[in-house]
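What follows is each chain in one-letter form.
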Amino acid sequence: MKPHFHKVPIKSRNSFSIRHEQESSFGTVWHYHPELELHYLIKGHGVRFIGDDISNFSDGELILLGENLPHTWRVEGGEGSSAVEVIIIHFLPDCLGADLLNLPEAYLIPKLFEKAKKGLVVNGKAKEEVIAIMRPAVTMQNLDRLIALLTILKILAETDETETITSAHAFYKSNDSETLRLNKVYAYTLSNYKNPITLQEVAAIANLGVTSFCRYFKLMTKKTYNDFLVEIRISHACRFLIEDRQTIEVICFECGFNNISNFYRHFKNVTDMTPLEYKKKYLFKGSKEAGKVAESLNRF
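Notes on the structure in this doc start here. Owing to the predicted nature of the structure, the values given are computational and were not obtained by experimental measurement. (Residues numbered from 1 in each chain as written. Predicted model: local features only at pLDDT ≥ 70, side-chain atom pairs only at ≥ 80, totals over all residues. Heavy atoms only, no water.)

1. So, the overall build of the protein chain
What the protein chain contains, in helices and strands, is 11 helices and 11 strands. Buried positions account for 44% of the 300 residues belonging to the protein chain. Residue pairs in contact within the protein chain that sit at least 24 positions apart in sequence constitute 73% of those at least 6 positions apart. For the protein chain, the computed accessible surface area is about 15500 Å², with 53% contributed by carbon and sulfur atoms. (Helix = DSSP H or I, 4+ residues; strand = E, 2+ residues; numbered from the N terminus. Buried < 20%, exposed > 50% of the residue type's maximum accessible area, 1.4 Å probe, protein only. Contact = heavy atoms within 4.5 Å. Areas by Shrake-Rupley, 256 points an atom, 1.4 Å probe, with all protein chains shown as cover.)

Here it is as structure tokens:
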């Protein structure tokens, strides 16, 4: 899918950008930029698209995106939703000076930047340490800003508590008309994934014939539209399973699948787990985290 080039606003007196946003519009356009992006989602949930990956996002997620990695977030509740709050840092690889990356003591930083080209989800203690710096860094000035960024890079470069997001480097240039066309397809799919969607419908949205649309979509995304639609539906099903408010059967039809066996087959293909296995895994994970919190509180 061809993304739109995005010019990140960085003030002339600053070497990098850090901002705290509420009612954010960060999920409006599929885009890329030469800056790396450290993205802390304080509040919000929906579906994120990074490279060739389609996944849910929710409160507390910390992600590092490498330079020119296409991405967008689609917020549940729509653009500008008041349910969204983020802290975002944008910085060029050499924003602290090109010589820094060549210093022997800093050899881990270029390695981090290379890994980030596939996108990294940051977990565990490393995530907690980085978030603790990001919050006050929003209002820092002068050398304090630089020290904060360098400290964050140190934590990220030295930790092994990360997960890779994409399966391959993904970078394509595009023009405005292609960006508009593919974002229309995105928006239509996300608004209608619960309902049957025919190729005729979505091809009309893209202003193409069915054959041309199928060829075009496969060329741009390296997957068929049907595969894309299934991934969208499964990503929503995953979130519903974790929320544990509905039965698997209800979730199946709520996410646009027409029968249980079809749902189970697609879910297994995408996640390598059955819906029940996925639900048990993440509910157990959540209960363990809650137990740790309760244990810590009981010490006081």
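After that view, the rundown keeps rolling.
2. Description of the pattern of salt bridges
In the structure shown here, the tally under the stated rule is 10 salt bridges. The salt bridge involving Asp-53 is made with Arg-48; its shortest N-O contact spans 3.4 Å. Here Asp-53 falls in the buried class, since its relative accessible area comes to 18%. Residue Lys-279 pairs with Asp-244 through a salt bridge whose shortest N-O separation is 2.8 Å. With Lys-279 in helix α11 (residues 275–298) and Asp-244 in the loop between α8 (225–243) and α9 (248–254), this pair connects stretches of sequence that are 35 residues apart. Take Lys-279: its relative accessible area is 17%, and that puts it in the buried class. Taking the relative accessible area as the measure of exposure, Asp-244 reaches 38% and is therefore partly exposed. Overlapping salt bridges bring together Arg-48, Asp-53 and Glu-61 as one network. (Salt bridge = Lys/Arg side-chain N within 4 Å of Asp/Glu carboxyl O.)

3. Some thoughts on the sheet that holds strand β11 (residues 162–164)
Strands sit in the order β2-β9-β4-β7-β10-β11 across an open sheet of six strands; the sheet is antiparallel. Two strands bound the open sheet, and with one partner strand each, they are β2 (17–22) and β11. On average, adjacent strands in this sheet sit at an angle of 20° to one another, irrespective of strand direction. Strand direction decides the pairing type here: strand β4 (residues 36–43) and strand β7 (residues 62–65), joined by four bridges, are antiparallel. If you follow Tyr-40 over to β7, its bridge partner there is Leu-62. Running over the sheet, helix α4 (residues 142–158) touches β2, β4, β7, β9 (85–91) and β10 (120–122) and is turned about 95° from β9. (Pairing = 2+ DSSP bridges. Axes fitted to C-alpha atoms, helices over the stretch in contact; angles between N-to-C directions.)

4. Examining α4
When the terminal C-alpha atoms of α4 are compared, their 25 Å separation across 17 residues agrees well with the 24 Å that a helix rising 1.5 Å per residue should span. Taken together, the buried positions of α4 are Arg-145, Ala-148, Leu-149, Ile-152, Leu-153, Ile-155, Leu-156 and Ala-157. (Expected span 1.5 Å × (residues − 1).)

5. A closer look at the packing of aromatic side chains
Counted under the stated rule, the structure contains 13 aromatic pairs. Between the aromatic rings of Phe-263 and Phe-267, the centroid separation amounts to 5.7 Å while the plane-to-plane angle is 65°, which identifies the pairing as edge-to-face. Taken together, the residues span about one helical turn, with Phe-263 and Phe-267 both in helix α10 (residues 260–271) at a distance of four residues. Each residue in the set Phe-49, Tyr-186, Phe-213, Phe-217, Tyr-225 and Phe-228 is aromatic and connected to the rest through ring pairs, giving one cluster. Here Arg-145 stacks its cationic end above the ring of Phe-16, 4.2 Å away from the centre of that ring. (Phe/Tyr/Trp six-rings, centres within 6.5 Å; stacked < 30°, edge-to-face > 60°. Lys NZ or Arg CZ within 6 Å of the ring centre and 35° of its normal.)

6. Description of the side chain of Arg-48
Within the secondary structure, Arg-48 sits in strand β5 (residues 46–50). For Arg-48, the side chain forms a polar contact with the side chain of Asp-53, separated by 3.4 Å. (Polar contact = N/O pair within 3.5 Å; in protein donor to acceptor, adjacent residues only side chain to side chain.)

7. Section: helix α2 (residues 108–115)
Among all positions in α2, only Ile-109, Leu-112 and Phe-113 are buried. The arc enclosing the buried residues of α2, seen along the axis, measures out at 100°, which places them on a common side. On its buried face, α2 is in contact with β4, β7, β9, α1 (98–102), β10 and α4. (Arc of directions from axis to C-beta.)

8. As for the environment of Glu-37
Inspection of the secondary structure assignment puts Glu-37 in strand β4. Since its relative accessible area comes to 3%, Glu-37 is described here as buried. For the pair Glu-37 and Phe-91, spaced 54 residues apart in sequence, the C-alpha to C-alpha distance is 6.7 Å. When near neighbours in sequence (up to four residues on either side) are disregarded, Glu-37 contacts Ile-63, Leu-64, Leu-65, His-71, Trp-73, Ile-88, Ile-89 and His-90.

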